[in-house]
Amino acid sequence: MINLQQIVSIMSKLASHREALEWDNVGLQVGDYNNEIKKILVALDINVQIVEEALEKNADLIITHHPLIFNGIDNIHSQTSKGRTIIKAIKNDIAIYSTHTNMDIAEGGLNDLLADKLNILNTKILSKENEIELYKLAVHTPYENAEEIREVLFNKGAGKIGNYSKTSFTIKGEGTFLPGEDTNPHIGKKGEIEKVDEIKIETVIPENKVDNVIRGMLKAHPYEEVAYDIYKLPYQSEFKGIGRIGELQNSLSLKEYSEIIKNKLNIEKLKIRGNMEDKIKKVAICSGAGADFISLANAKGADLYITGDVKYHEAQLAEALDLNLVDAGHFETEIIFKELVEKYFKKVKEENKLEFEISISNINTNPWSYL
Ligand SMILES: [Zn+2]
């Protein structure tokens, strides 16, 4: 049995609450942390129809990208669609959990998946928003366990510096210890001083992954009492942010690449500002409404910027900057949220042998249609 508290903690490993922008409202919106969760429904948006869908499918939790409660609420009653949604959810014991800008920002989140779908390689952050402090971990392991422990550290989120992953430093040495009366030592005997060949592994961990890495390390370590140090690196940090910028393997004309965008994101009609014959190599993206970053994408040397929800005058700004711009739609650049969360939970379920179901909403919440 798994409860809502545990699901919330699993979700926060994919997109930590701490990574959301200051004005955002992410996390559990409605629900009882102690309730058992048997089935999760994943949707981009939340409204009464989605709650009804959850009811039909016997889901006890809806995970959405767009938060239900965003600018605060003054009342909950049947005259507003938000009120009706909350009432229906609470009456039927259906919880609602949302990720938003934390999912846009997260490594392996929405923008990384979008870049992946659009064949954009070597991606960096487009707009740096949050500074994440780095910690240094030094852990002692017996010689024969070092390789395994190092892999666990990396898998749990340690060892990333810039575009380098799995970074660590290893020193061989000799550890000494005297097992006390109530111990059950992995090596050595009670009451006898023991000297062991040990390996000290040093690696870095971003602030938001510290708990995860330490927990994983302690679980994998053979020692009863693990010797490790963890300390903050006061002058080192890494940035998290919205949007990505990277490159295509080979340059394509704007026309050719636009066909790929349509195909990969299932878009009927694409709004394009630019010269169809222009060669596109460096591409910036931002899922959802990212028109605020037109100048930034241009300043960072993008040949093309892809986002959604671009207004007329914002498109004129791109024109003035001579930047190719594609408005691929807010909905169309974010609907991939559903497959992202589904895939993540399937992996977590398998790895931890958890018992719950995951289902994808099939209600179309895009207010736009094309003729
Ligand atoms: Zn959005």
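Further up the page is the structure itself.
Residues numbered from 1 in each chain as written. Predicted model: local features only at pLDDT ≥ 70, side-chain atom pairs only at ≥ 80, totals over all residues. Heavy atoms only, no water.

Some thoughts on the environment of N266
Now for step 1: Assignment of secondary structure puts N266 in the loop between α8 (254–264) and β9 (271–273).
Now for step 2: Judged by relative accessible area, which is 70%, N266 ranks as exposed.
Now for step 3: For the pair N266 and K128, spaced 138 residues apart in sequence, the C-alpha separation works out to 29 Å. (Helix = DSSP H or I, 4+ residues; strand = E, 2+ residues; numbered from the N terminus. Buried < 20%, exposed > 50% of the residue type's maximum accessible area, 1.4 Å probe, protein only.)

Observations regarding the packing of aromatic side chains
Now for step 1: A complete count under the given rule lists four aromatic pairs for this structure.
Now for step 2: Each ring, one from Y344 and one from F345, has its centre 5.7 Å from the other, and the planes form 65 degrees; the classification is edge-to-face. The same class applies to Y344 as to F345, namely buried.
Now for step 3: Centroid distance F345 to F356: 5.7 Å. Interplanar angle 85 degrees. Geometry classified as edge-to-face. Here F345, found in helix α12 (residues 337–352), pairs with F356, found in the loop between α12 and β13 (357–360); they are 11 residues apart in sequence, far enough to count as distant. Of the two residues, F345 and F356, neither departs from the other in class, the shared state being buried.
Now for step 4: An aromatic cluster is defined as three or more aromatic residues linked by ring pairs; in this entry it consists of Y344, F345 and F356.
Now for step 5: K349 extends its terminal NZ or CZ atom over the ring of F356, reaching a point 5.6 Å from the ring centre. (Phe/Tyr/Trp six-rings, centres within 6.5 Å; stacked < 30°, edge-to-face > 60°. Lys NZ or Arg CZ within 6 Å of the ring centre and 35° of its normal.)

What about the pattern of salt bridges?
Now for step 1: Under the criterion given, the structure shown has 12 salt bridges.
Now for step 2: As a salt-bridge pair, E202 and K200 come within 3.4 Å of each other at their nearest N and O atoms.
Now for step 3: Among the residues examined, E202 registers a relative accessible area of 16% and is labelled buried.
Now for step 4: According to the relative accessible area criterion, K200 is partly exposed, its value standing at 25%.
Now for step 5: Ionic contacts of the salt-bridge type, sharing partners, join the residues E19, E107 and K240 into one network. (Salt bridge = Lys/Arg side-chain N within 4 Å of Asp/Glu carboxyl O.)

Comments concerning the pairing of strand β2 (residues 39–43)
Now for step 1: Of all five residues that make up β2, five are buried, and the element is covered over most of its length.
Now for step 2: Burial along β2 is two-sided: the face carrying K39, L41 and A43 and the face carrying I40 and V42 are both buried.
Now for step 3: As judged from the four bridges shared by β2 and strand β3 (residues 61–64), these two strands associate in the parallel manner. Residue pairing for β3: L41 is matched across the bridge by I62.
Now for step 4: After leaving β2, the chain enters helix α2 (residues 48–56) and then returns to the sheet as β3, a path that is right-handed. (Pairing = 2+ DSSP bridges. Right-handed = clockwise from strand over helix to strand, strands pointing away.)

Honestly, it's all geometry; don't read function into it.
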